[in-house]
Amino acid sequence: MSSKLKNRWWGWGFRSAVMLYFIILIVLPILGIYGQSLSDGWKAFMDNIREPLAWKSVQLTVWMALIATAVNIAIGTMAGWVLIRYRFPGRSLLNSMVDLPFALPTAVAGLMILLLLGPQSPIGRWAEHFGFSILFHRPAIIIAMVFVTFPFVIRAIQPLLEELDPAEEEAAYTMGASRFKTFFRVIFPNMLPGIASGAMLAFSRALAEFGAVVLVAGNIPGRTLIASVYIFGEIESDNAAGAAAVSVILLTLSFLILWFVNHLQSRRRTA
Amino acid sequence: MHVEVRGLNKRFGEFHAVKNVGFSIAKGQLIGLLGPSGGGKTSILRMLAGLETPDEGDILFHGKRVNDLPPQERGIGFVFQNYALFKHMTVEGNIAFGLEVKKWPKPRIRERVAELVELTGLSGFEKRYPHQLSGGQRQRVAFARALAPEPQLLLLDEPFAAIDAKIRQELRSWLREMIDRLGITSIFVTHDQDEAIEVADEIMIINQGNLEQKGTPWDIYKNPQTPFVASFIGESTIVEDISSLRGFEDARAWPGTRGLIRPEYVEIGKPSEFQILSATETGRVKHLQFRGSEWLVELEVGSTRLVTYRSLEKEVLHPGDEIQVLVHRAYLFNDNDSWIMENKLKEDRTYVEI
Amino acid sequence: MRRLWIGLTFLVFALLLGAPVVRIAMGAWNDGWSGFAGGLTRPEAVHALAMTGLIVVAVTVINTVFGVMLAMYLVRAAWLGPRLKKLLNSIVDLPFAVSPVIGGLMIVLLLGPDSAIGGLLGAAGIKIVYALPGMILATLFVTFPLVIREVMPVLQEIGTQQEEAAAMLGAYGWTTFRRVTWPQIRWSVVYGIVLTVARSLGEFGAVLVVSGNILFKTQTATTLVYQDVENFSLTSANAVALVLAAGSVALLLLMEWAKSRQKHA
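Residues numbered from 1 in each chain as written. Chains lettered and ligands numbered in written order. Predicted model: local features only at pLDDT ≥ 70, side-chain atom pairs only at ≥ 80, totals over all residues.

Quick word on the overall build of chain C
Tallying secondary structure elements over chain C gives 13 helices and 0 strands in all. Tracing chain C from N to C terminus, the helices and strands come up as α-α-α-α-α-α-α-α-α-α-α-α-α. Here chain C, with 265 residues, has 50% of them falling under the buried criterion. For chain C, long-range pairs separated by at least 24 residues make up 78% of all intrachain contacts whose partners lie at least 6 apart in sequence. (Helix = DSSP H or I, 4+ residues; strand = E, 2+ residues; numbered from the N terminus. Buried ≥ 20, exposed ≤ 12 C-beta atoms within 10 Å, placed from the backbone. Contact = placed C-beta atoms within 7 Å.)

Next up, the structure:
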């Protein structure tokens, strides 16, 4: 076979293999779960969702994720700012540590929080003293979510801060703006797209979190049972349809957010 | 005929980039593809290379149809506009690449690389990486790399577009010399007229996908076959009513005829500077621009604006000065026809220096 | 003012990231060295760590090879229309939006013993769900985008001209890839691999669902930690967790190193 023809056959072989892999691994399962959740009909689907525990778990998850995201916006913006704008000993160490939640298994993260905040630990005892409990209650959920989504906002605003043209700030100063004003009118607007996309990614991730939360939340239905744990419970109880129904809600919400983030980013690129 | 193209057509979606182009090139010729950006020149070059496939038409090398031959087999050296050097390889590595692919024995590769390094004046830079070289040096590596596998045809896509103006001149003459020495058939694309005129044996003017004219620079210059060609080469002025100019009254016979006048064919000066004063008419200097080697003069004759050059040797003119103007010839064209008309009032063929 | 922000930042890092890691180390040593060693060398732990290792290797190899190829196709392929490319591009990111538990559920629904395909395979003696293949599949799903997302931007940046130049010089597909493309995407692939290893090492939710967490059969290091916590054997949990954490920190350092090589390539 000529070199060209041989290359052609290899080319076709690779192409089909890769595209097949793609479709079977990603597209099929997602279609599958949407299909399964509706397999008993629309009414069954709605019933599954309206199950009070199911619905409550979704509500709780969204609420907790929102709070966690808000926390991350605050500390993430600060940390991102400090890491890019200031020079100080330990800066590169801290910068590398930012990615730790990406590298650490979520179950390990859960265990860490369990040990740190449990009723036996100093912090746990200190909190009990003041009358509120952390572990196995909602604060623990938020802390777990904050931990796993910590890098998102930081990593989203850092490139924007790096690209910031010092000339813009200098122009503001020469026109008499105070540092405070300059920050809010010149710098902050440039960081905003990063904060927004980082926050949305963090929110999406927090919605999906399982490993860290399941160990520390107590998983009390209606109180500290988040959606992913509810789904897990339904699977263990052989209620695949119920699990699939709630999964579909969570999935659709996450896909919408993902699509929105992509859309924003492509608009920024063409702008 | 070394390279022959017949009925070449290429569309990108709705856009018809190359319209029915045909030409032939003899072995050893240096051809320039000249024209405005987006005109289709690069598409033609890439189709010759095999990097794009024509929608219709035939490409023949030495009489053999090569449309179905992949770029790897065509034996063509290609020099890209932005050099496209392999950033992670040294100069030597870049040049040797094509030979290694062809599985030449190592000693022969070493010899050939050394030869080319010497030829392109890159001795001492063999172990450098592209990011350690200047623009001119990178371009020379690109040449060397393209020439290494002893190609039959050399294609260059705007080779000097990314280079500083000062070095461009040097590189241009160097390229001309190199190609002459090697005797390799070459086609290069450019939008710079001076470059095409200086370097090429023959020029092909491409505009909006059409081959407007093929010929020697002098031919194209003196006998432009279409209005586009005429206006493209040189800095001409279009005159709406050519018959208003002294000596071209005959143009009234063809209503709607416009004229294209090259700066080189407009002679201006004080009355004392003219031999055939009777053929001149009075005009006024509007604007002067110093061009380093001459003056660019904008003038007005009646309601017609013209442009011409004036030597630094002659008496300096000022805006507002009254001068005599002689238009030697004009290129006339209307919807049906185009031709060159001499100034009727000149009694003898005036020898004009360009 | 500066000092305030820097100080606060240090505080946040210490509390959020530093303290937990330190605590795990302390916890593993609660019963001294014997406690730690015991936690690691018990048979379930050895088996679980081996499972994790197997999954990590399989997933990393498969997703690196397919990931690089898919990245090439999505950026360069002429045989994919631009609209199809855009669609596929957005699908690539989907696993990021899927909760791991849901990921596991999808595989169980599609290939579990009650499903059409699963039933067929089961009759032939091939178990996918509640066995290693299912666990590998689930982990392949969640780590799918990692290598692709690292390689695609670099491919777009280098552009096609160098590859065209190589073609003009006589090089066909594999030669061009090996000598021109690969050297330039190398470090991005490495970074993607490190991310994939880290993620598959730490995968919990999906594997928990797909594996059934069967002791000695389908347990991984992370699901073992979960089980230990549920059984209140905290020291043992800590021991395994510490090994995982140490692995993660090592991977983190690798990540940062690969990132810096990527930038300076």
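Next comes the rest of the account.
Things to note about the overall build of chain B
The helix and strand tally for chain B stands at 8 helices and 19 strands. Each principal axis of the C-alpha atoms in chain B carries an extent, and together these give about 75 × 45 × 35 Å. For chain B, the residues scored as buried account for 38% of the 354 residues in total. Long-range pairs, those at least 24 residues apart, make up 64% of the contacts in chain B with a sequence separation of at least 6.

Observations concerning unusual backbone geometry
A positive phi angle, close to 50 degrees, is found at Gln208(B), a residue other than glycine. Looking at the secondary structure, you find Gln208(B) in the loop between strand 9 (202–207) and strand 10 (210–215). Judged by C-beta crowding, with 15 C-beta atoms within 10 Å, Gln208(B) ranks as partly exposed. Of note, the phi angle at Phe232(C) is positive, near 65 degrees, even though the residue is not glycine. Within the fold, Phe232(C) resides in the loop between helix 12 (221–230) and helix 13 (234–264). Phe232(C) sits in the exposed class, given 8 other C-beta atoms within 10 Å.

Points about the environment of His287(B)
All names here are of chain B. With respect to the helices and strands, His287 occurs in strand 14 (residues 281–290). We classify His287 as exposed; it has 12 C-beta atoms within 10 Å. In this structure the C-alpha to C-alpha distance between His287 and Phe188, which are 99 residues apart in sequence, comes to 37 Å. If we skip the residues at most four places from it in the chain, His287 touches Glu298 and Pro319.

A word on the sheet that holds strand 4 (residues 56–61) of chain B
All names here are of chain B. Pairing in this open sheet of 4 strands is antiparallel, and the strands run 2-1-4-5 from one edge to the other. Of all strands in the sheet, those with a lone pairing partner are strand 2 (15–25) and strand 5 (64–65), marking the two edges. With 7 bridges joining them, strand 1 (residues 3–12) and strand 2 adopt antiparallel strand pairing. By the bridge assignment, Glu4 is partnered in strand 2 with Ser24. (Pairing = 2+ DSSP bridges.)

Description of the packing of helix 3 (residues 43–76) of chain C against helix 10 (residues 173–202) of chain C
Residue and element names in this part refer to chain C. At a minimum axis separation of 9 Å, helix 3 and helix 10 run at an interaxial angle of 145 degrees. Our pair here, helix 3 against helix 10, has a crossing hand that is right-handed. Where helix 3 approaches helix 10, its residues Thr52, Ile55, Val56, Val59, Thr60, Asn63, Thr64, Gly67 and Val68 are matched on the opposing element by Val189, Gly192, Ile193, Thr196, Val197, Ser200 and Leu201. Its residues placed into classes, the contact of helix 3 with helix 10 shows 8 nonpolar, 8 polar and no charged. (Axes fitted to C-alpha atoms, helices over the stretch in contact; angles between N-to-C directions. Left-handed = near helix turned anticlockwise from the far one by under 90°. Nonpolar A, V, L, I, M, F, W, Y, C, P; charged D, E, K, R; others polar.)

Things to note about the nonpolar core
In this structure, Leu111(A), Ile113(A), Ala144(A), Met145(A), Val213(A), Leu105(C) and Val225(C) are the most contacted members of the largest nonpolar core, which totals 161 residues. At 15 residues, the largest contribution of residues to this core is made by helix 8 (residues 138–163) of chain A. Here this core spans two domains, and each of domain 1 (1–37) and domain 2 (42–270) of chain A adds at least three residues to it. Contact partners of Val225(C), with chain neighbours within four places excluded, come to Ala107(A), Val108(A), Leu111(A), Ala237(C), Val240(C) and Ala241(C). (Core = buried A, V, L, I, M, F, W, Y, C linked by C-beta atoms within 7 Å. Domains from an automatic or database assignment.)

Some words on the pairing of strand 10 of chain B
Residue and element names in this part refer to chain B. Pairing between strand 9 and strand 10: 5 bridges, direction antiparallel. Bridging from a neighbouring strand, Ile206 pairs with Leu211 of strand 10. In textbook terms, the turn of a hairpin is the stretch between consecutive antiparallel strands, and for strand 9 and strand 10 this stretch comprises 2 residues, one of which, Gln208, has a positive phi near 50 degrees.

Notes on the interface of chain A and chain C
Listed per partner, the contact involves 61 residues of chain A and 60 residues of chain C. Looking at side-chain class alone, the side of chain A that touches chain C contains 47 nonpolar, 13 polar and 1 charged residues.

With respect to the domain arrangement of chain B
The accessible area lost on association of the parts is a frequent measure of interface size. Residue and element names in this part refer to chain B. Partitioning chain B into domains gives domain 1 (3–231) and domain 2 (235–342). A straight line from the C-alpha centre of domain 1 to that of domain 2 covers 38 Å. Across the boundary between the two partners, domain 1 contributes 4 residues, which contact 5 residues of domain 2. Looking at side-chain class alone, the side of domain 1 that touches domain 2 contains 3 nonpolar, 1 polar and no charged residues.

Overview of the confidence of the model for chain C
When pLDDT is averaged along chain C, the result is 86, and 99% of the positions lie at 70 or above. Confidence, read as mean pLDDT per element, is least for helix 7 (residues 116–123) of chain C in chain C (77) and greatest for helix 9 (residues 161–168) of chain C (94). (pLDDT = per-residue confidence, 0-100.)

Overview of the sheet that holds strand 9 of chain B
Residue and element names in this part refer to chain B. Reading across the sheet, the 6 strands line up as 6-7-8-3-9-10 and stay open at both edges, with mixed pairing between neighbours. At either margin of the open sheet sits one strand with a lone partner, and together these are strand 6 (76–79) and strand 10. Recorded for the sheet is a direction-independent mean angle of 15 degrees between the axes of neighbouring strands. Relative to strand 9, strand 3 (residues 30–34) runs parallel, the two being bridged by 4 bridges. Opposite Gly32, over in strand 9, you have Ile203 as the bridge partner. Relative to the sheet, helix 4 (residues 135–147) contacts strand 6 and strand 7 (153–157), its axis offset from that of strand 6 by approximately 170 degrees.

Re the confidence of the model for chain B
Per-residue confidence for chain B gives a mean pLDDT of 87, with 97% of residues at or over 70. At the low end of the mean pLDDT range in chain B sits strand 19 (residues 338–342) of chain B, at 76; at the high end sits helix 2 (residues 91–101) of chain B, at 95.

Topic: the packing of helix 2 of chain B against helix 4 of chain B
Residues and elements named next belong to chain B. Here helix 2 crosses helix 4 at 25 degrees, and the two axes come no closer than 7 Å. Relative to helix 4, the element helix 2 is oriented roughly parallel. Here helix 2 and helix 4 pass one another in a crossing that is right-handed. Together, Val91, Asn94, Ile95, Phe97 and Gly98 of helix 2 and Val141, Ala144 and Arg145 of helix 4 make up the contact between the two elements. Broken down by class, the residue content of the contact of helix 2 with helix 4 amounts to 5 nonpolar, 2 polar and 1 charged. (Parallel < 35°, antiparallel > 145°, perpendicular 65-115°, else oblique.)

Some words on the environment of Leu215(A)
Summarising the element assignment, Leu215(A) is placed in helix 11 (residues 211–216). Distance in space between the C-alpha atoms of Leu215(A) and Trp9(A) is 52 Å, their sequence separation being 206 residues. Discounting chain neighbours no more than four positions away, the residues touching Leu215(A) are Ala107(A), Gly110(A), Leu111(A), Leu114(A), Tyr226(C) and Val229(C).

Here we look at helix 9 of chain C
Buried residues dominate helix 9 of chain C, accounting for 6 of its 8 residues. Taken residue by residue, helix 9 of chain C has Gln162(C), Glu164(C), Ala165(C), Ala166(C), Ala167(C) and Met168(C) as its buried positions. The inward-facing, buried residues of helix 9 of chain C abut helix 1 (41–49) and strand 6 of chain B together with helix 8 (132–158) and helix 10 of chain C. Just downstream of helix 9 of chain C, Gly170(C) is the residue with a positive phi angle, here 105 degrees.

Comments concerning the environment of Ala71(C)
All names here are of chain C. Within the element layout of this structure, Ala71 appears in helix 3. Distance in space between the C-alpha atoms of Ala71 and Val154 is 9.9 Å, their sequence separation being 83 residues. What Ala71 contacts, discounting residues up to four positions off in sequence, is Ile148, Val151, Met152 and Leu155.

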